Amino acid sequence: MQALTFRGAEIIEYSTVKDPQLIQPSDAVVKISMASICGSDLHVYHGRETGEDHGTVMGHEFVGVVEEVGANVTRFKKGTKVLSPFTTSCGECFYCRIGLTCRCEKGNLFGWMHNGHGLHGAQAAYIRVPMADSTLLPLSADLSEKKGLLLGDAFSTGYFSAENAGINPSGVYAVIGCGPVGLMAILAAKHLGAKTLFAVDLIDDRLSFAEKFGAIPLNPSLTSVKEQILNVTQGRGADAVMEVVGSDKSLTLAIDLIRPGGTISSVGVHTEKNFSFSPGEAYDKNLTYKSGRCPARYYAEKLLREGIPQQYAIEDIITHQFELAEGTKAYEIFDKKLDKCIKAVLIP
Ligand SMILES: [Zn+2]
Ligand SMILES: [Zn+2]
C-alpha cells in the first residue's frame, strides 16, 4: 500500500510499504477514509522526538471502514465505519477502568515505532488496530467523517483541557494557542459555560476563528495580555489558563496570567527538559497544574453519548484537504502555517 513514512528530520516520504495484516485475534485492519496531520506529528517531523524508526508510517488521527477482523473481535465486522482515538486500549486494566485509557497497560500510540516495537500510523491506505473492540468506536450516522476524525484527538483533547480547567460561568479564562486543539478547547470551554474567555495567539486568522467560537481575541504582539486580564479581574489574574502549545514561552505566559489558587491546564505535548517556572513560583501562586495526554477513547465515547460534537461545527477548523500522495507538501503547509492552514486532512 501507499503511506507517508518518516525518513529523518523533516523528511516525509510517500512510499510503498507492506500491507498491514492481522497479527492477534483481537486485531482489525481498517481501510482509511480520512487521516489528519496533528501538531504532535510535527515533533516527530522536526526530529524533536528522537527514536522514531525510519520507515514508520506517520499519523495517529483517522476514520475508516473495517476491512478485516480477527477471530476475537465481536463489536465490529467488515464494512463498519469507525473512528479511533490516537492510542489503543484494552478496556480492562486498572487505567482503562478509571477512564485513563491513554495510559492503558497494553496500549500503544499509533504512528510511533522504536527499535521495531510500536504501531504504524494512519497516514496510509490501511492500518492495523490492536484490541479493536476496546479501541475503536462506531462512526454513528449522525456524525460526519470530519467530526469523527476530530473526536479521535483534537476535540477530545480540547475538551479534556477545558474540563481540567474547572470552567464555571463566573470565571475568567485564557486559552494560549489557537491551533486546532486550542480552538476546540475554546468551543468546549464555551460549552461548559465560560462567559469571559480570552484567546491568545500571534496569528490573526486563528484569532478570528477563536472569536467566531466565542472567545475574546488577544494578540500579544499588539496588546499586553496580562493587562487585559488584570483589568477584568480586579488585578487578580485568570482563574485558569489552558496552555495547548507545549512550549517554554507559553508555559511562562500561563503562570504569569494565573491568579493565586488558579489552575494551569496543559495539554500541549512538551519536549523541554524542565518547567519554565520554579517550584517557588508555583508555591507562591498556590498553583494547581494539570497536564498529560488526553484519554481520547474515554472522552470520544463520553462526548458522543452526550451528543456534543453533533451540536457544533467543529469541522470548520479543517481548512485544507490533500491527497495522500501530496503528503510531503501537506506537512510543509501545515508546519509553516502557510495559506492560513489550521488543520489538514489527507485522503488516501
Ligand atoms: Zn493528534
Ligand atoms: Zn487497558
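Caption draft 1: Just the domain arrangement of the protein chain, in detail. Here the protein chain is partitioned into domain 1 (2-153 + 295-347) and domain 2 (157-291). Put simply, the middle of domain 1 and the middle of domain 2, counted by C-alpha atoms, are 27 Å apart. At the junction of the two partners, domain 1 supplies 24 residues and domain 2 supplies 18 residues. Counting each side, the surface lost to burial between domain 1 and domain 2 is near 1900 Å², with a carbon and sulfur contribution of 68%. If you look at where domain 1 meets domain 2, you find two salt bridges. Residue D316 is joined to K212 by a salt bridge in which the shortest nitrogen-to-oxygen separation is 3.8 Å. Here the side of domain 1 that touches domain 2 gets three residues from one element, more than from any other, and that element is helix α11 (residues 296-305).

Caption draft 2: Seen up close, the coordination of the zinc ion (ligand 1). Only C38 (SG), H60 (NE2), E61 (OE) and D153 (OD) from the protein coordinate the zinc ion (ligand 1), and they sit 1.8 to 2.2 Å from it. Bound by four donor atoms, the zinc ion (ligand 1) shows angles of 95 to 125° at the metal and therefore tetrahedral coordination geometry. Spacing between the donor residues of the zinc ion (ligand 1) along their common chain follows C-x21-H-E-x91-D. With E61 in strand β4 (residues 61-69) and D153 in the loop between α4 (145-151) and α5 (154-164), this residue pair connects regions lying 92 residues apart in the sequence. There is no split in this pair, since E61 and D153 are both buried.

Procedures and definitions
- One numbering rule holds for all chains: residues counted from 1, following each sequence as written.
- Numbering of ligands from 1 and lettering of chains from A proceed in the order in which they are written.
- With the structure being a predicted model, the display of local features is reserved for residues of pLDDT at least 70 and the display and counting of side-chain atom pairs for 80 or more, all residues being used for whole-chain, interface and lining totals.
- As a rule here, side-chain values come from all non-hydrogen atoms in the structure, and water together with hydrogens is ignored.
- All domain edges in this entry derive from an automatic or database-based domain assignment.
- By definition, residues are in contact when any of their heavy atoms lie within 4.5 Å.
- Two parts placed together each lose some accessible area; with a 1.4 Å probe, that loss summed over both constitutes the buried area.
- Any Lys or Arg side-chain nitrogen located within 4 Å of an Asp or Glu carboxyl oxygen qualifies as a salt bridge.
- Per the convention used, a helix needs a DSSP run of H or I reaching at least four residues, while a strand needs a run of E reaching at least two, with both numbered from the N terminus.
- For Na, K and Ca the donor cut-off is 3.2 Å; for every other metal, N, O and S atoms count as donors within 2.8 Å. Water does not enter the count, which can leave sites looking incomplete.
- Irregular is the default label, applied whenever a site is not tetrahedral (four donors, all angles between 85 and 135 degrees) and neither square planar nor octahedral (four or six donors, opposite donors over 155 degrees apart, all other angles between 65 and 115).
- Relative accessibility decides the category of a residue: with a 1.4 Å probe and only protein chains considered, values under 20% of the type maximum give buried, values over 50% give exposed, and everything between is partly exposed.

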